[in-house]
Amino acid sequence: MLNKWKVFVATLIRGLGVAGAAYASEIVVNGSTTVLPFAQIAVERFAPAHPEVKISISGGGTGNGIKGLIDKTTHIANASREIKSSEIEQAKANGVTPFETAVALDCIVPVVHPSNPVKNLTFAQLKKIYTGEITNWKDVGGENAAIAVVGRDSSSGTYGTWQELVVEKGDKDQKSRVTPKAQVTASSGAMLTTVAKNKLAIGYEGIGYVDKTVKAVSVEGVEASLATAKNNTYPLSRKLYMYTDGAPAGDVKAFIDYVLSPDGQKIVTDTGFINIH
Amino acid sequence: MLHTRKRGTTSPHFGGWGDRVAARTALSVSTVCILIMGFILYFLVKESLPVLKATTLSELLFGMDWYPQETPPALGMFPLIMSSLAVTFLSSAIGLPVSLAIAVFTAEIAPRRLRNLVKPLLELLGFIPSIVFGFLGMVVVAPWLQDRFSLLTGLNMANASALLGMMMVPIVGSLADEALCAVPRELRDASYALGATRWETIRRVVLPSALPGILSASLLGVMRATGETMVMLMAAGGAAVIPRSLFDPVRPLTSTIAAEMGETPVGSEHYHALFFAGLILLLITLAINLLSAKIEAKGFKLKGGNL
């Protein structure tokens, strides 16, 4: 009886293996939700010209994408940060060599409620607001009202970049922490709604998501825009990456080449990001 | 139990082929359930215990700082545990009395036609997905709360608890209603015959008789509040501090797990800590369960004294 079961299970597994092999030209793309908006359109435009390639794309977050790359379930990992050294080690242990391709520029913009008179904040002010040292808008040139600090969940790529570029800026040994009183939102959309609905709020958001429901605040006197991020004058920008196992080859290469092509980069700019060239 | 007690006193067909099939089916289904429960528990414990290598139990349970992404991570869950308990308590305080009142109304007071209208409506409310409640809390309740009470934020404990209380009402209300309806008519008739008013009958006769049913209904509601994730994620604000007022943003264990599990490297201290948070949740619901079993036992004794 037991043997029969073993045979059955073995057949089943073999069957799955064969089915997997039939889609040899399947590309699985996973990772950062920041990259998702333009990657998705790129997939949609890439697919008709390449009917033999089956691309499935999802946005499980940078960490998940890289996790997938490491355990070989994902071919392209979208990332809103550079791969960590610990992740590279894990990958190497699994026989995967992460290869980095920068595909777009993103800039993170501090956002406030449209009715907020504050137009500009310095790094020092942003840092003090997020660490809980400044708790009133009047200390940064606004009205006499408390500041509702809104952040992202600690596993978001945007959180990581904000932490690194703003909160820990200038820290030496003791790293600064975001005040525990800060509210936490679990997605870019939730962040936008939270800030748009709260007159006292300050949050941060990738420039691709910022819309008219909130007001973007300039940093160190520089307004976030395509131009300022590109010429490196806007201080809060980051690169977005696609990671592959080794240098891209075959269909994966074709797709990444498409993203880097003028057509692909036009999608990048159309979705509110900044092209890499 | 029922099975053995009645053996021999029922029809001669008892224990025949049909019975055996039914008994075996029931046995295997419940065995599978218990096995699954066992596996979940085993998995939860197995995945959560490694966190104790990185930190101590007292630091986990009573630490005040939750900064899991740092190296080394700060894994103090006290604010999260307190948030979970506070929200559970507050939402039960809002939801249970309302549910009970509705149940008494539909079961005892409302005329048949009204009951036939209200009951399905109530149950319909139970079909609303929790994310809809969360959305409601985020875009409707939060701005209103903030303007009305000039708060720092409308996404807070009061908001989330009110929504959770509302989500409890359909489940608890309709189950409690059924418990009340199951009270034999004779009891009510006897009470009226002794000259008791309707209120006295409800309070002294019907409610005590239906107490076990009402309690288990309430228990389901409380558990739902403890385990609810989406509403917490969207409407509770998510600040990892111990709430000091009703309008403080809170961050319960559930929303912490939901928000952070997605991007945590498998096998990291943070990963194991999140499983530990799940284990704590399980222990909280277990404690509530035991507590209610105790109350129920006491209730039976009380009822025995009264009747």
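Structure shown above.
Quick caveat: nothing in here was measured; it's all calculated off a predicted structure.

Caption draft 1: Fine view of the overall build of chain A. When helices and strands are counted, chain A shows 10 helices and 12 strands. The C-alpha extent of chain A, read off along each of the three principal axes, is 75 × 50 × 35 Å. For chain A, the proportion of its 277 residues judged to be buried stands at 48%. Taking as baseline every contact in chain A between residues at least 6 positions apart, the subset at least 24 positions apart corresponds to 74%. Carbon and sulfur atoms make up 56% of the accessible area of chain A, which amounts to about 12900 Å² in all. Placing the 29 positive and 26 negative side-chain charges of chain A at their respective mean positions leaves the two points 4 Å apart.

Caption draft 2: The arrangement of the overall build of chain B in detail. A tally of helices and strands in chain B yields 13 helices and two strands. Projecting the C-alpha coordinates of chain B onto the three principal axes gives extents of approximately 70 × 55 × 35 Å. Across chain B, contacts joining residues at least 24 apart in sequence account for 71% of those joining residues at least 6 apart. Looking at chain B as shown, the accessible area adds up to about 16400 Å², and 71% of this sits on carbon and sulfur atoms. One finds the centroid of the 24 positive side-chain charges in chain B at a distance of 13 Å from the centroid of its 19 negative side-chain charges.

Caption draft 3: Summary view of unusual backbone geometry. Although it is not a glycine, Lys72 of chain A sits at a positive phi angle of roughly 65°. Along the chain, Lys72 of chain A falls in the loop between α3 (62-70) and β3 (76-79). Taking relative accessible area as the criterion, Lys72 of chain A reaches 53% and is therefore assigned exposed. Phi angles above zero are rare outside glycine, and Ser150 of chain B is one such case at about 40°.

Caption draft 4: Layout of the interface of chain A and chain B. The interface of chain A with chain B comprises 30 residues on the first partner and 32 residues on the second. In total, about 2400 Å² of surface goes out of reach between chain A and chain B, with carbon and sulfur atoms giving 51% of it. In this assembly, chain A and chain B are joined by one salt bridge. Its salt-bridge partner being Asp65 of chain B, residue Arg177 of chain A comes within 3.5 Å of it at the nearest N-O pair. Along the contact surface separating chain A from chain B lie seven residue pairs in polar contact (both at pLDDT 80 or more). At the level of secondary structure, the elements contributing two or more residues to the side of chain A that touches chain B comprise α3, β7 (183-185) and α7 (188-196) of chain A. Here the side of chain A that touches chain B is built from residues that sort into 11 nonpolar, 13 polar and six charged.

Caption draft 5: Molecular detail of the layout of surface pockets. For the second largest pocket, the calculated volume is near 430 Å³. Lining the second largest pocket we find 24 residues, and of these Thr179, Pro180, Lys181 and Ala182 of chain A together with Val241 of chain B sit closest to its centre. Considering only residue class, the lining of the second largest pocket consists of 15 nonpolar, five polar and four charged.

Caption draft 6: Looking closely at helix α2 (residues 36-49) of chain A. Residue and element names in this part refer to chain A. The terminal C-alpha atoms of α2, which comprises 14 residues, lie 20 Å apart, in line with the 20 Å expected from a rise of 1.5 Å per residue. Here α2 has its buried residues at Leu36, Phe38, Ala39, Ala42, Val43 and Phe46. Within α2, the buried residues cover an arc of 155° as seen down the axis, which keeps them to one side. Exposed positions of α2 whose direction lies more than 90 degrees from the buried face are Glu44 and Pro48. Where α2 is buried, its residues touch β2 (54-57), β3, β4 (98-112), β11 (237-245), α9 (250-260) and α10 (262-270).

Caption draft 7: Expanded view of the nonpolar core. All names here are of chain A. Within the largest apolar cluster, 42 residues are counted, with the highest numbers of intra-cluster contacts made by Leu121, Ile129, Tyr130, Trp137, Trp162 and Ile202. Counting only elements with at least two residues in this core, the list comes to β4, α5 (123-131), β6 (148-152), α6 (157-167), α7 and β8 (201-206). By residue number, the principal contributor to this core is β4, which donates six residues. Apart from residues no more than four positions distant in its own chain, Leu121 is found in contact with Leu126, Ile129, Val140, Ile202, Val217, Ser218, Val219 and Glu220.

Caption draft 8: Inspection of the pattern of salt bridges at higher detail. As enumerated under the stated definition, the model contains 16 salt bridges over all chains in all. Across the pair Arg81 of chain A and Glu87 of chain A runs a salt bridge whose closest N-O atoms are separated by 3.1 Å. An identical accessibility class is assigned to Arg81 of chain A and Glu87 of chain A; each is buried. Here Asp177 of chain B and Lys119 of chain B are joined by a salt bridge, their closest N and O atoms 3.2 Å apart. Taken together, the residues Asp177 of chain B in helix α8 (residues 157-181) and Lys119 of chain B in helix α6 (residues 112-125) connect sequence positions 58 residues apart. For Lys119 of chain B, a relative accessible area of 10% corresponds to the buried category. Each of Arg115, Lys119, Glu123, Asp177 and Glu178 of chain B takes part in one network of salt bridges that share partners.

Caption draft 9: Structural context of the packing of α6 of chain B against α8 of chain B. Residue and element names in this part refer to chain B. Running from amino to carboxyl end, α6 crosses α8 at an angle of 135°, the nearest separation of the two axes being 8 Å. Between α6 and α8, the interaxial angle falls into the category oblique. By crossing handedness, the relation of α6 to α8 is classed as left-handed. Note on element contacts: α8 touches α6 through Met166, Val169, Pro170, Gly173, Ser174, Asp177, Glu178 and Cys181, opposite Arg115, Lys119, Leu122, Glu123 and Leu125. Its residues assigned to classes, the contact of α6 with α8 comprises six nonpolar, two polar and five charged.

Caption draft 10: Spatial organisation of empty space enclosed by the protein. A full pass over the atoms with the stated rule returns four cavities of 30 Å³ or more. Here the largest cavity is characterised by a volume of approximately 250 Å³. Together, 24 residues line the largest cavity, and Val178 and Val184 of chain A together with Trp66, Tyr67 and Arg251 of chain B are the ones closest to its centre. Elements that contribute at least two residues to the lining of the largest cavity include exactly β6 and β7 of chain A together with β1 (66-67) of chain B.

Rules of the game
- For every chain, the first residue of the written sequence is number 1, and numbering continues from 1 along that sequence.
- Whichever chain is written first becomes A and whichever ligand is written first becomes 1, with later ones labelled in order.
- It should be noted that, the model being predicted, local features are given only for residues of pLDDT at least 70 and side-chain atom pairs only at 80 or more, the latter also being counted only at that level, while totals for whole chains, interfaces and linings use all residues.
- Heavy atoms from the whole structure form the basis of all side-chain values; hydrogens and water molecules are not counted.
- Comment: elements are numbered from the N terminus, with helices defined as DSSP H or I runs of at least four residues and strands as E runs of at least two.
- Buried residues are those whose accessible area, probed at 1.4 Å on protein chains only, stays under 20% of the maximum for their type, while exposed residues exceed 50% and partly exposed ones sit between those limits.
- For this analysis, residues touch if any pair of their heavy atoms sits within 4.5 Å.
- Values of accessible area rely on a 1.4 Å probe in the Shrake-Rupley scheme; residue burial ignores everything except the protein chains shown.
- For the purpose of charge, His is not counted, nor are the chain termini; Lys and Arg are scored as positive and Asp and Glu as negative.
- Where a charge lies is defined by one atom per residue type: Lys uses NZ, Arg uses CZ, Asp uses CG and Glu uses CD.
- What gets called buried area is simply the loss in accessible area from a 1.4 Å probe that two parts show on being joined, summed for both.
- Definition used for salt bridges: Asp or Glu carboxyl oxygen within 4 Å of a side-chain nitrogen of Lys or Arg.
- Side-chain atoms alone can form a polar contact between residues adjacent in sequence; in general such a contact is a pair of N or O atoms within 3.5 Å, and within protein one must be able to donate a hydrogen while the other accepts it.
- Classification convention: Asp, Glu, Lys, Arg as charged; Ala, Val, Leu, Ile, Met, Phe, Trp, Tyr, Cys, Pro as nonpolar; all other residues, Gly among them, as polar.
- Two kinds of site are reported from a 1 Å grid over the protein atoms alone, namely cavities, where a 1.4 Å probe fits but cannot get out, and pockets, open sets with protein on both sides within 12 Å along at least five of seven lines, and residues are called lining when an atom falls within 4 Å of a point.
- Grid points are joined across faces, edges and corners, and a volume is the space filled by probe spheres set on the points.
- Helices are assigned an expected span. That span is 1.5 Å times one less than the residue count.
- It is the directions from the helix axis to the C-beta atoms that the arc portrays.
- In this description, a nonpolar core means a group of buried Ala, Val, Leu, Ile, Met, Phe, Trp, Tyr and Cys residues linked to one another through side-chain atoms lying within 4.5 Å.
- All axes here are fitted lines through C-alpha atoms, helices being fitted over the stretch that makes contact, and every angle between N-to-C directions spans 0 to 180 degrees.
- Each angle gets one of four labels, with under 35 degrees taken as roughly parallel, over 145 as roughly antiparallel, 65 to 115 as roughly perpendicular, and the rest as oblique.
- It is the rotation of the near helix from the far one that decides the hand of a crossing: anticlockwise by less than a right angle makes it left-handed, clockwise makes it right-handed.

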